[in-house]
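Breakdown of the fold
Letter by letter, the chains look like this.
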Amino acid sequence: MRKLVGSPSPKVLEIYRAINEFMAEGVDMNRLRVSEITRKAGIGKGTAYEYFQSKEEMLGCAFLYSMIREVEKLWTYVEAEGSFREKLYALLDNIGQNFSRRREWCRYLDFYLQSMFDKRELMEKVLHCPEIEERIEVFARILSGQARKENLIQGEPKVYFVIHACVTQILGYIYYLERRGKESQVTTEEMKEFLYQSILQMMQAGVV
């Protein structure tokens, strides 16, 4: 799995490109055939099976590779100079600006959740990728460290609580983005301020 998501070969990258294009087109992943993927990728079907055991593994690795690349992009906002608010707002702004493209992730997850018991082993690999887990933990430590530095929280929260605070609130922001065309009572700035305050409160509650 690591060679397929950490430093994939040019042919594997073409497979991922083809899958992402199908996702962007709204193709039903359950009906998509390996031959269609390889045709769009410009490689032979047999070549694909030199790298992957099944269509499900192709899709899982493509999803994981995309996730790792996106996490690396978001990393620059967390690592950059700035206050806790500036770091958080930069993350949220980036999510908002790229929201339509990242909605493709939901299609990947939906494909797996439809038959997750049949693909349990692959699901474990996708949802527990060390590259992503390690980077998210570092995100959490940087953000909580910045909050302590500015005296926004008193004490050091457990890293799990920081991750929980950030993930749940960012998911709340994604839900807001999904509905903002229908919901006019809350502005984007109001939502970001609400998340800012909520994350700080949850961090403080997680102080040892």
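These remarks concern the structure in this document.

Cut-offs used in this document
- Residues numbered from 1 in each chain as written.
- Predicted model: local features only at pLDDT ≥ 70, side-chain atom pairs only at ≥ 80, totals over all residues.
- Heavy atoms only, no water.
- Buried < 20%, exposed > 50% of the residue type's maximum accessible area, 1.4 Å probe, protein only.
- Helix = DSSP H or I, 4+ residues; strand = E, 2+ residues; numbered from the N terminus.
- Arc of directions from axis to C-beta.
- Contact = heavy atoms within 4.5 Å.
- Core = buried A, V, L, I, M, F, W, Y, C linked by side-chain atoms within 4.5 Å.
- Salt bridge = Lys/Arg side-chain N within 4 Å of Asp/Glu carboxyl O.
- Axes fitted to C-alpha atoms, helices over the stretch in contact; angles between N-to-C directions.
- Parallel < 35°, antiparallel > 145°, perpendicular 65-115°, else oblique.
- Left-handed = near helix turned anticlockwise from the far one by under 90°.
- Phe/Tyr/Trp six-rings, centres within 6.5 Å; stacked < 30°, edge-to-face > 60°.
- Lys NZ or Arg CZ within 6 Å of the ring centre and 35° of its normal.
- Nonpolar A, V, L, I, M, F, W, Y, C, P; charged D, E, K, R; others polar.

Taken residue by residue, helix H3 (residues 34-41) has Val34, Ile37, Thr38 and Ala41 as its buried positions. In an axial view of H3, the angular spread of the buried residues amounts to 90 degrees, which keeps them on one side of the axis. In this structure, the buried side of H3 is in contact with helix H2 (10-24), helix H4 (45-51) and helix H5 (55-79). Glycine 42 sits one or two residues past H3 and shows a positive phi near 80 degrees.

Before going further, it helps to examine the nonpolar core. Within the largest apolar cluster, 28 residues are counted, with the highest numbers of intra-cluster contacts made by Phe84, Tyr173, Ile199 and Met203. When residues no more than four places from it in sequence are discounted, the contact partners of phenylalanine 84 are Leu143, Gln146, Ala147, Glu150, Leu152, Tyr196, Ile199, Leu200 and Met203.

Tracing the chain through its elements places alanine 41 in helix H3. For alanine 41, a relative accessible area of 8% translates into the label buried. Between the C-alpha atoms of alanine 41 and isoleucine 15, which are 26 residues apart in sequence, the distance is 5.2 Å. Alanine 41 has contacts with Glu14, Ile15, Arg17 and Ala18, leaving out every residue within four places of it along the chain.

What follows is about the pattern of salt bridges. Summed over the entire model, instances satisfying the criterion amount to nine salt bridges. The network of salt bridges with shared partners includes Glu14, Arg17, Glu21, Glu25 and Lys40.

Further remarks concern the packing of helix H6 (residues 84-97) against helix H12 (residues 188-205). It is at 11 Å that the axes of H6 and H12 come closest, and there the two elements cross at 125 degrees. As far as their axial angle goes, H12 and H6 are oblique. For the pair H6 and H12, the crossing hand works out as right-handed. On H12, the residues that touch Phe84, Arg85, Leu88, Tyr89, Leu92 and Asp93 of H6 are Glu189, Lys192, Glu193, Leu195, Tyr196, Ile199, Leu200 and Met203.

Glancing now at unusual backbone geometry. Of note in the backbone geometry, asparagine 151 takes a positive phi value of approximately 60 degrees without being a glycine. With respect to the helices and strands, asparagine 151 occurs in the loop between helix H10 (130-149) and helix H11 (159-179).

Further remarks concern the side chain of serine 144. Inspection of the secondary structure assignment puts serine 144 in helix H10. In this structure serine 144 touches Ile153, Pro157, Val162 and Met203, once residues within four positions along its chain are discounted.

A word on the packing of aromatic side chains. Remark: the centre distance and the inter-plane angle together describe each pair of aromatic rings, the angle taken between the planes. Counted by the stated rule, this structure contains five aromatic pairs. Taken together, the ring pairs in this structure connect Tyr16, Phe52 and Tyr65 into an aromatic cluster. Lying over the aromatic face of phenylalanine 22, lysine 40 brings its terminal NZ or CZ to 4.8 Å of the ring centre. Arginine 85 extends its terminal NZ or CZ atom over the ring of tyrosine 196, reaching a point 3.9 Å from the ring centre.

The residue alanine 80 is located in the loop between H5 and H6 in this model. Separated by ten residues in the primary sequence, alanine 80 and alanine 90 have C-alpha atoms spaced 9.8 Å apart.

Turning our attention to the environment of arginine 141. Tracing the backbone through its elements, the reader meets arginine 141 in helix H10. For arginine 141 and proline 157, which are 16 residues apart along the polypeptide, the C-alpha to C-alpha distance reads 9.3 Å.

Time to look at the packing of H2 against H3. Direction vectors running N to C along H2 and H3 enclose 110 degrees, while the axes themselves pass 8 Å from each other. Relative to H3, the element H2 lies roughly perpendicular. Once H2 is placed against H3, the crossing between them reads as right-handed. Between H2 and H3, the contacting residues are Glu14, Ile15, Arg17, Ala18, Ile19, Glu21 and Phe22 on the first element and Glu36, Ile37, Lys40 and Ala41 on the second. A class-by-class count of the residues in the contact of H2 with H3 yields six nonpolar, no polar and five charged.

The quantities given are spatial measurements derived from coordinates; they are silent on function.
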